[in-house]
Amino acid sequence: MLNSVLVANRGEIARRVITTARRLGIRAVAVYSEADEGLPFVAEADEAVLIGPPPPAQSYLDSGAVLAAARRTGAAAIHPGYGFLSENPQFARQVLAEGLTWVGPPPRAIERMGDKINARNLMAQAGVPVAAGTAEPVTSADAALAEAARIGYPVMVKAAAGGGGIGMSVVRDAGGLRAAFETARTRAERFFGDPAILLERYIERARHVEVQILGLADGRVIALGERDCSVQRRHQKVAEETPSPGVDATLRGRMLAAAVQAGAAVGYRNAGTVECLVDGAAGDFVFLEMNTRLQVEHPVTELVTGIDLVEQQFRIAAGEDVSFDEAAVQPHGHALELRVYAEDPVRFLPSPGTITQWEEPAGAGVRVDAGYAAGNPVTPFYDPLLAKLCVHGPDRDEALARAREAVAAFRITGPRTNLPFHADLLASREFSSGDYDTSIIARLRP
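Description of the structure in this document. What you see is a predicted model, and the numbers here were worked out from it, not measured in a lab. (Residues numbered from 1 in each chain as written. Predicted model: local features only at pLDDT ≥ 70, side-chain atom pairs only at ≥ 80, totals over all residues. Heavy atoms only, no water.)

So, about the nonpolar core. Core analysis: the largest hydrophobic core is formed by 91 residues, its most contacted members being L6, I78 and V231. In contact with I78, other than residues within four places in its own chain, are V5, L6, A8, V66, L67, A70, F91, V95, L100, T101, W102 and V103. In terms of nonpolar packing, the next biggest core, distinct from the first, is built from 24 residues, V128, V211, C276 and F285 among them. (Core = buried A, V, L, I, M, F, W, Y, C linked by side-chain atoms within 4.5 Å. Buried < 20%, exposed > 50% of the residue type's maximum accessible area, 1.4 Å probe, protein only. Contact = heavy atoms within 4.5 Å.)

This part covers the packing of helix α12 (residues 396–409) against helix α13 (residues 419–427). Relative placement of two packed helices is described by the angle separating their axes and the distance separating the axes. Interaxial distance between α12 and α13 falls to 10 Å at its minimum, and their mutual angle equals 155°. Classified by the angle between their axes, α12 and α13 sit roughly antiparallel to one another. Crossing of α12 over α13 shows left-handed handedness. Facing α12, whose interface residues are L400, A403, R404 and V407, α13 presents L419, H422, A423, L426 and A427. Tallied by class, the residues present in the contact of α12 with α13 amount to seven nonpolar, one polar and one charged. (Axes fitted to C-alpha atoms, helices over the stretch in contact; angles between N-to-C directions. Helix = DSSP H or I, 4+ residues; strand = E, 2+ residues; numbered from the N terminus. Parallel < 35°, antiparallel > 145°, perpendicular 65-115°, else oblique. Left-handed = near helix turned anticlockwise from the far one by under 90°. Nonpolar A, V, L, I, M, F, W, Y, C, P; charged D, E, K, R; others polar.)

What follows concerns the pairing of strand β11 (residues 236–242). With respect to burial, β11 is a largely interior element, six of its seven residues being buried. Pairing of strand β10 (residues 221–233) with β11 involves four bridges; the strand directions are antiparallel. The residue of β11 that forms the bridge with D228 is E241. Where β10 folds back on β11, the antiparallel hairpin that results is connected by two residues, among which R234 adopts a positive phi of roughly 55°. As defined by bridge partners, β11 adjoins strand β14 (residues 334–341) across four bridges and the pair is classed as antiparallel. Counterpart to T242 in the pairing with β14 is A335. (Pairing = 2+ DSSP bridges.)

Pairing is antiparallel across the open sheet formed by eight strands, whose spatial order is β13-β12-β9-β10-β11-β14-β19-β17. The strands lining the two open edges of the sheet, one partner per strand, are β13 (284–291) and β17 (366–370). Strand-to-strand twist in this sheet, taken as the mean axis angle between neighbours without regard to direction, amounts to 25°. Pairing geometry for strand β9 (residues 206–215) and β10, over six bridges, is antiparallel.

Taken in spatial order, the five strands line up as β3-β2-β1-β4-β5 in an open sheet, and their pairing is parallel. Edge strands, defined here as strands with exactly one partner in the open sheet, are β3 (47–52) and β5 (101–102). Examined bridge by bridge, strand β4 (residues 77–79) and β5 share two bridges and lie parallel to one another. In the strand pairing of β5, A77 is matched with T101. Of the strands in this sheet, β1 (4–7), β2 (27–33), β3 and β4 are in contact with helix α3 (residues 63–73), which crosses β3 at around 150°.

The following block contains the structure:
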């Protein structure tokens, strides 16, 4: 097992990784910006290093500062969490070049799956279902019009190198495509430094369902079930659950097998997620993308399997076997995750401020992965995720009941939060029925 790890992240995910590291006897090193000095993860690490001012480019995205902190503290490995440098193949190579252990997939796998067009083509070659779309970057509005006519409307326009829903839009006819293409290209260049655009056939009333995979140290790839991530605002996830109420046993088996194929095709190691769109009307699915890191929503998989995914990440990175018998994994019960953001619960705009009250819910089946506490400032420099409220129950009805109670009991004052939205979501007939899709929020918040 590794003896020390530097956690190159912040907030709840840094705290989450530190918790498992310390349980395993791994010395945990935190890095932090000036804005985060008072956050819980800094105090809970065995050692913490200030790496720069609040702007991410000058701290958490500064690979030189992160590596210097690793050298200074004698850390043997780096865990990148999610976001920031986690899917940067150049950084992964720098870590390995320093003689450190990278707690993540091989840089080549990150690189191959980071470009959505390349990933689509690779998956098609591996026999994984993909949606009708472009096999090469679309370089002009005229070319986009021609491709859309071939694919068929409606189409999704998105950045080939992007993520987080940035620059994505649905176009239903030729009249709106030119403007959507130009907007997507401009945003892709600004946020990702790459103007490449792809078009895909848009699936109406789709569910967004992903599969958790682990690429083991011996080269095998296994799947640990699916998560339904269809509750989204601006193409960004807000709530997740497992098992998906929109996937039957037959479709689940096919999706898990395809996810294993996808991982094997790129020589995957460590934790990753294969994301799919499910067409409920057709009873089928297509590959969307692969996230080459630990997902925000990994706790729901942990709750139904009893497997600590961060522990497995450490074990795989160290070349060891995982701590469970993969043939005996049998998910039990139902789990949900509600992302608690410092944001307006209607317009979903960030709401920075100092937290004056923080009281977490507790009880059977309740888990809170929190990045903040009372007295902490929520600054405008980072994603406004405060905590992940997770619940587990013997079945979906009980999990929903526990989630409703937990949301009502969670007390946060200071910045506005989206807890009222979660209360509305859990009370809605559509979500409670399980028959929902990625446009559910548009109906709840028209």
